[in-house]
Amino acid sequence: MQANGAGGGQQQQQPPQGPAGPELGCLGAQNGEASAGTAAGDQLAHANGLLPSTNSGGGSPGGLSVNNGVPAAGGPGPAAAELGGGGGGGSALKKKKRLSQSDEDVIRLIGQHLHGLGLNQTVDLLMQESGCRLEHPSATKFRNHVMEGEWDKAENDLNELKALVHSPHAIVRMKFLLLQQKYLEYLEDGKVLEALQVLRCELTPLKYNTERIHVLSGYLMCSHAEDLRAKAEWEGKGTASRSKLLDKLQTYLPPSVMLPPRRLQNLLRQAVELQRDRCLYHNTKLDSNLDSVSLLIDHVCSRKQFPCYTQQILTEHCNEVWFCKFSNDGTKLATGSKDTTVIIWQVDPDTHQLKLLKTLEGHAYGVSYIAWSPDDNYLVACGPDDCSELWLWNVQTGELRTKMSQSHEDSLTSVAWNPDGKRFVTGGQRGQFYQCDLDGNLLDSWEGVRVQCLWCLSDGKTVLASDTHQRIRGYNFEDLTDRNIVQEDHPIMSFTISKNGRLALLNVATQGVHLWDLQDRVLVRKYQGVTQGFYTIHSCFGGHNEDFIASGSEDHKVYIWHKRSELPIAELTGHTRTVNCVSWNPQIPSMMASASDDGTVRIWGPAPFVDNQDIEGPCGYQVWTRVQGEPGQKECSSMDS
């Protein structure tokens, strides 16, 4: 194989290599000069950390002599074209510009990636022309000896690498990993005596990780190789386990000596993930595999796929709609209204259209709050402040399982299910706070707590309750203790908790929507734009990974924020009165519902059809879009945050 078309000059002896040291970039003595040609019949000598590979497509008949990226002196090299003429061996070569450190790093990363693809001759040419080397010569020897299972030679290589390792304890740890692999391979081959020798005379004297040595000694009892691999969680002797071993060994070596494994792929993956994280409209779960994305363009999510367009308007309620909530499995939506009914809607899994499934009647005061049981088999409905009753419905049959009322003096306006699905807590602003079973039997009570909103944490013990003292407290029904968690300066009208139990989303009177960290007990963010007075408005987490927040508003709009951005990324118009509640489908990230005093429930989804005048902009740019079907209506605005 000819090196960049260089002629077949006479191969000469390499200049002597200096002592191994940590200086590993382009070789300064050569300044990146291209000075070597190769004889057509020479063999390819790999000395830049690459193992020879067979080119199945048939390679050039010649060979290329490369010594750590330094081309051999002799015939005309690739730089001959710069000489302006035929240029013999005695011609003075132009010096190429010395590469910067970042250029050297990029070349090494590309070389490592190409090597992983088996393009070793290409890597040799890249290193020769750039004057760089892929890794330190001692690291190259070490790599080859590990991959070939030559453990004594690999152990000797550690002595050469000792001067290049920052931590004095690193060599001991590396030696332990080497000997562990050696021990396991002996055991797999049935060489029990040799394995025992390694354990007693090589591993144990290191006096490192004695607990692991005891585990390793237990593998002597394995009856066959399959048993050993299973108990040791080890791939067995061969390329796979040795490659994993090399990955571990590299962590103890500076990257200037040996590059971290798959470094270029990891950097590209981090870049893709960072772009996704910064994308305000990213609302889908994507494979982390780089093959699923294009590296040639930046990641940009189309706002057309975001749920800010009216897909359906539900008009079956005949009065104000106070609440809406999707079931946990996302297949149903329950809406509660001042018209004394709860309507359960079925979500079509293909078209995402909703159709009326059941109407639950008889809530004399209206329905202002709804809670699905964890398994979605039951639904609890509560009324407004002057309502002392609570209804527990069987969703499958549409039958009322129990109607609970402890006292006519009660005010049961909020409810939350225990994670076990067998109990729920309920309370109101007149000082009642109960824990009940599915038949409405009172299990526990907490006196004197005026409750505005409730939530059961996943531990099955703690109930969070917002009260009339502008705070959220945690109540433990097992040991009857309580503690303050959140303190606001204004009344907390409602709150909801993220799936992981870490974050609380509060609608605060006259203030808007606040995000709290329950673990650290700090206010994280105040979201702007929403109009919040003293009406009870329910906001929600939603979208993929609960990255978004949505809330109704007294200005008739639905506001959507990215969780990390205080400014809204979308304002949804269409309702004509206060939007009381918003619910995001937990299983369909592109579906959201909103309930309003205008008597309608709107289902929001991606754009069904967009005018040609629609301007598609990258995430974060201000874009206004009109959806056909409702002429003149500004459906969604996207604002730069």
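Everything numeric in this text was worked out from a predicted model, so none of it was measured. (Residues numbered from 1 in each chain as written. Predicted model: local features only at pLDDT ≥ 70, side-chain atom pairs only at ≥ 80, totals over all residues. Heavy atoms only, no water.)

1. Considerations on the pattern of salt bridges
- Applying the stated criterion to the full structure yields 22 salt bridges.
- A salt bridge links R229 to E226; its shortest N-O distance comes to 3.6 Å. Separated by three residues within a single helix, R229 and E226 lie in helix α8 (residues 225–232), roughly one turn from each other.
- The shortest N-O distance in the salt bridge between E235 and K244 comes to 2.5 Å.
- Overall, E235 belongs to the partly exposed group, its relative accessible area being 38%.
- Sharing partners across several salt bridges, the network here consists of D152, K182 and E202. (Salt bridge = Lys/Arg side-chain N within 4 Å of Asp/Glu carboxyl O. Helix = DSSP H or I, 4+ residues; strand = E, 2+ residues; numbered from the N terminus. Buried < 20%, exposed > 50% of the residue type's maximum accessible area, 1.4 Å probe, protein only.)

2. Description of the nonpolar core
- Judged by nonpolar contacts, the single largest core of 45 residues is most densely connected at L333 and L379.
- When neighbours within four sequence positions are excluded, L333 is seen to be in contact with L314, C324, K325, F326, I343, I344, W345, L354, W372, A593, V601 and I603. (Core = buried A, V, L, I, M, F, W, Y, C linked by side-chain atoms within 4.5 Å. Contact = heavy atoms within 4.5 Å.)

3. Structural notes on the layout of surface pockets
- Reported here for the largest pocket is a volume of approximately 1,300 Å³.
- Around the largest pocket, the lining comprises 48 residues; the ones closest to its centre are K325, N328, W455, I497 and K499.
- The set of elements that each furnish at least two residues to the lining of the largest pocket consists of β4 (321–326), β8 (369–372), β12 (414–417), β16 (451–456), β20 (492–497), β24 (540–542) and β28 (579–584).
- Residues belonging to the lining of the largest pocket are distributed by class as follows: 27 nonpolar, 17 polar and four charged. (1 Å grid on protein atoms, 1.4 Å probe; cavity = no way out; pocket = protein on both sides within 12 Å on 5 of 7 lines; lining within 4 Å. Points joined across faces, edges and corners; volume = space filled by probe spheres on them. Nonpolar A, V, L, I, M, F, W, Y, C, P; charged D, E, K, R; others polar.)

4. Notes on the sheet that holds β20
- Across the sheet, four strands lie side by side as β20-β21-β22-β23; this open sheet has antiparallel pairing. Whereas interior strands pair on both sides, the edge strands pair on one side only; in this sheet they are β20 and β23 (522–527). Looking at each pair of strands side by side, their axes are set apart by 25 degrees on average, direction ignored. (Pairing = 2+ DSSP bridges. Axes fitted to C-alpha atoms, helices over the stretch in contact; angles between N-to-C directions.)

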